[in-house]
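Close look at the chain arrangement
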Amino acid sequence: MSMTFGKSLSRLRKENPLFANHYINYKELKDAVGEADVGKVMNLLRTELDKINEIVEVQWEALSGELMARMRKLGGEKLGAEVNAESLENLSQAVVWLHSFIETNYLGFQKVVQKCAESQETASCSWFLARVEAANFRQHRFDELLVPLGRLYTAFRRAHGPGERAALHGLEDQALPMSGDGNAQVFFVPISQVMKAKVALLKVLEPAATMIKAKTNQGTRDTSRVTAEFRQKLTHVYFESSRGDQYAERLRRRVGGFKATTGPVGFLLQCHVAPPPLAEAGAPGDPSDPYHEVSVEIQDECYIVSKLTLLQKNMPAFLGGKATGDSPVETWATEAILKDQLRPAVSSSSFRSSFTTASSAGKAGAVLVSIDEQVSFRDEAALADDKAWCFAASKTGAASTSWSQVDFPGAILRIWLPASSANSLLGLLGVPDLDLKPVPGFSEALHGTALLHRELANPLPPWIPSETLVLAAGRSTLVVSPHGDEKGLLDVAGGKSQRVDKKPTEYKKTGSLKPTEAARSLRRTWCVICGRGDAAAPVKDDPKLLVDCKTPMAIERTLLRWMRSTILLGSLSSLLMSGSSFDMQLNGVLLGLVCLIFTIFPLMSYVKRSRELSNPKAKQPKVDRTMPRILALSFSVVLFSTVCVNVFAGDSSQDS
């Protein structure tokens, strides 16, 4: 049985005495929410957030300063005085404790805000989570601590551990390539153990990272700030047909072994989309840049991977089965796309931290271990942006269905070695308390397809329990049009629709679950996959969505403001119509028509929004620009009519 958050917080206070008095006061906050005292809850939330921001800032400055001071002294003669086993162990433990402190307090804020949202009296406090997201304690990048810590461990090993380096050198020769569908030994890591696993790996391997010094001038004093790049963003897009041929082929290779690869297709197709380069002043790059490169990988029946690089502007033609160059690999890929009607089906995005052996003679070490964090799977068939070929290349990221993204509640550790050598490396780590769960044959393509296209995933991968994962919807977006019409399959080559004989399947006819029930089923699945409980254990239902009392008041204020503008226009219209000239009377009549329009439309919008509030089904809020556009158009017509009347009236007076 899992420990409650309150008991877990008490345990952490005992294990980590440095932060014992600085954790979030969860019990007092929970009691304040139970009293339904909004003022007290908000004051406590602000106080706790300021307290946590302050202690994290102090500890971060102390840790980063100590690490950088030791880094600057690495070139000295007294290496042992600056880098020794005890001091490195203390620094490592401090990094793990600080990360645990940050994540625990963030989880505490989430739970408090969730409890606020469950009560009508305290629902107005739920906005505070956005402030927590932007708080200072959430903005620190632990790469800036892990990279110098890894460099210090590397210096320590060079000075004190030649035997350990020799053992790693033997493993380096057995490193497997990181291309294709994966050759690694895979383990699931609980989210609470990720930082501990990274620190344990730094004791044996080097981080595949870079450190850059950025000099700045502040008045009369020169300072140097070191930035570290450790985690790299990865996005893989996997192709699939409406029959699930690629899934079947991957399942045979990853689970059934090489001898079982005798399926309907003898190749696997996927794309790798690197993040766009940063723009000026470090701003995020444009994901839809037409000249951004996309790497295409094709793995044949002999596990030989062929790579192809295409520009993003050529991807629509490539997906349509048209080769844009003379490369035989591209010709082979386009023929396969046309033959099997392949299209982007599932994508996985994550942040990867890689660990290598020691570099020698100017040669980079081989990557032996990688950890993928913040893993999320997206249904590429639900992309609603017509200008983009995948979510990673879309500016908007809009989806046509609400069930289009699933996050993985943990991390994925890969050891790029044969099984026996991977066990030897785990023995060198010497940390049996990481709670690693081996997952033989794991594939992100198989996992994403099973979660987002359940109809095509038959049978399910062995690491997903079949009794807990059911259909999340009545159909797959690869099989039936996401708009729910009778057009059916989407033609990849021509971009047109083809007819099918039956309508989209209803929920009751297939025995599948509605999205809310499927979400609860998915949470039970994660518990089993990550080893955090029993699939049959009851799961708490999602709280009913409550509307803040300020929302209907805001809608009423909007209506009153439109009515106030209408009264002003009506008064001006009456004044103009009482004038003696024809121009004034015409302006008055036109403004009177505008007043009528803005008496009807705001009232209709008010009634519509009021009915939406009474609908329990949550909807994505949208900005309604209809009213301002009508107002601008009406005033333009009035002005144009006035100008025309003045021009023609002037010409008539001159003729007479």
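Residues numbered from 1 in each chain as written. Predicted model: local features only at pLDDT ≥ 70, side-chain atom pairs only at ≥ 80, totals over all residues. Heavy atoms only, no water.

1. Looking at the environment of L319
As a reminder of what qualifies: The numbering of helices and of strands both runs from the N terminus, where a helix is a DSSP run of H or I of at least 4 residues and a strand a run of E of at least 2.
Residue position: L319 is located in helix α11 (residues 315–319). Sequence spacing of L319 and W389 is 70 residues, and the spatial spacing of their C-alpha atoms is 8.4 Å.

2. Quick notes on the packing of helix α3 (residues 38–72) against helix α7 (residues 143–160)
Put simply, the rule reads: Inter-axis angles, ranging from 0 to 180 degrees, are taken between N-to-C directions of lines fitted to C-alpha atoms, where helices are fitted over the stretch in contact. In a left-handed crossing the near helix is turned counterclockwise from the far helix by less than a right angle, and in a right-handed crossing that turn is clockwise. Working rule for contacts: check all heavy atoms of both residues, and any pair within 4.5 Å makes them a contact. Only Asp, Glu, Lys and Arg are considered charged, only Ala, Val, Leu, Ile, Met, Phe, Trp, Tyr, Cys and Pro nonpolar, and every remaining residue, Gly among them, polar.
Close contact between α3 and α7 brings their axes to 10 Å; oriented N to C, the two are set at 30°. Our pair here, α3 against α7, has a crossing hand that is left-handed. Contact residues: α3 offers W60, L63, S64, L67, M68, R70 and M71, while α7 offers E144, L145, P148, L149, R151 and L152. Considering only residue class, the contact of α3 with α7 consists of nine nonpolar, one polar and three charged.

3. Comments concerning the nonpolar core
Rules: Throughout this description, the term nonpolar core refers to a set of buried Ala, Val, Leu, Ile, Met, Phe, Trp, Tyr and Cys residues connected via side-chain atoms within 4.5 Å. Each residue is placed in one exposure class: buried if its accessible area under a 1.4 Å probe, protein chains only, is under 20% of its type's maximum, exposed if it is over 50%, and partly exposed if it falls in between.
F109, F137 and V369 are the most contacted members of the largest nonpolar core, which has 72 residues in total. The greatest single-element share of this core, amounting to 13 residues, is contributed by α3. Excluding its chain neighbours within four sequence positions, the residues that come into contact with F109 are I24, L45, E48, L49, I52, F128, V132 and F137. Among the nonpolar cores identified, the runner-up in size contains 22 residues, and V237, L310, C390 and A393 belong to it.

4. Side note on a nonpolar patch on the surface
Our working rule: Surface patches are defined over residues having more than 30% relative accessible area and no salt bridge, joining like charges when they lie within 9 Å and nonpolar side chains (Val, Leu, Ile, Met, Phe, Trp, Tyr) when within 5 Å. Surface accessibility in these figures is a Shrake-Rupley result with a 1.4 Å probe; residues are shielded only by whichever protein chains are displayed. Any Lys or Arg side-chain nitrogen found within 4 Å of a carboxyl oxygen on Asp or Glu counts as a salt bridge.
Side chains of M577, V589, L593 and L596 sit close together on the surface and give an oily, nonpolar patch of about 370 Å² of accessible area. Tallying contributions element by element places helix α18 (residues 582–613) first for the nonpolar patch, with three residues. By the secondary structure assignment, M577 is in helix α17 (residues 550–577). On the accessibility criterion, M577 (40% relative accessible area) is partly exposed.

5. Brief notes about α3
Applied cut-off: A helix is expected to span 1.5 Å multiplied by its residue count minus one. Think of a polar contact as two N or O atoms within 3.5 Å of one another; within protein, one of them needs to be a possible hydrogen donor and the other a possible acceptor, and neighboring residues in sequence only count if both atoms come from side chains.
In a regular helix each residue adds 1.5 Å, so 35 residues correspond to 51 Å; α3 covers 51 Å between its end C-alpha atoms and thus fits that length. The distance from a side-chain oxygen at the start of α3 to the backbone nitrogen of G39 is 3.4 Å, and the residue carrying that oxygen is D37.

6. Details of the side chain of H99
Relative to the elements of secondary structure, H99 occurs in helix α5 (residues 85–117). When near neighbours in sequence (up to four residues on either side) are disregarded, H99 contacts F142 and M195.

7. Points about the packing of aromatic side chains
Counted only if it meets this: Aromatic pairs are defined between Phe, Tyr and Trp rings, using the six-membered ring for Trp, whenever the two ring centres lie within 6.5 Å; interplanar angles under 30 degrees are classed as stacked, those over 60 as edge-to-face, and all others as tilted.
Across all of its chains, the model carries 12 aromatic pairs by this definition. Taking 5.3 Å as the distance between ring centres and 90° as the angle between the ring planes, the aromatic pair formed by W60 and F142 counts as edge-to-face. Of the two residues, W60 is situated in helix α3 and F142 in the loop between α6 (128–133) and α7; the sequence distance between them amounts to 82 residues. Neither residue differs from the other here; W60 and F142 are each classed as buried. Consider the rings of F442 and W463, whose centres lie 5.2 Å apart with planes at 55°: the pair is tilted. You can see F442 sitting in the loop between β13 (437–438) and α14 (444–452) and its partner W463 sitting in the loop between α14 and α15 (507–510), a full 21 residues away along the chain. As far as the burial class goes, F442 and W463 line up, both buried. Ring-pair connections join several aromatic residues into one group, and the members of that group are F109, W127, F128 and F137.

In short, shape yes, function no, at least from these values alone.
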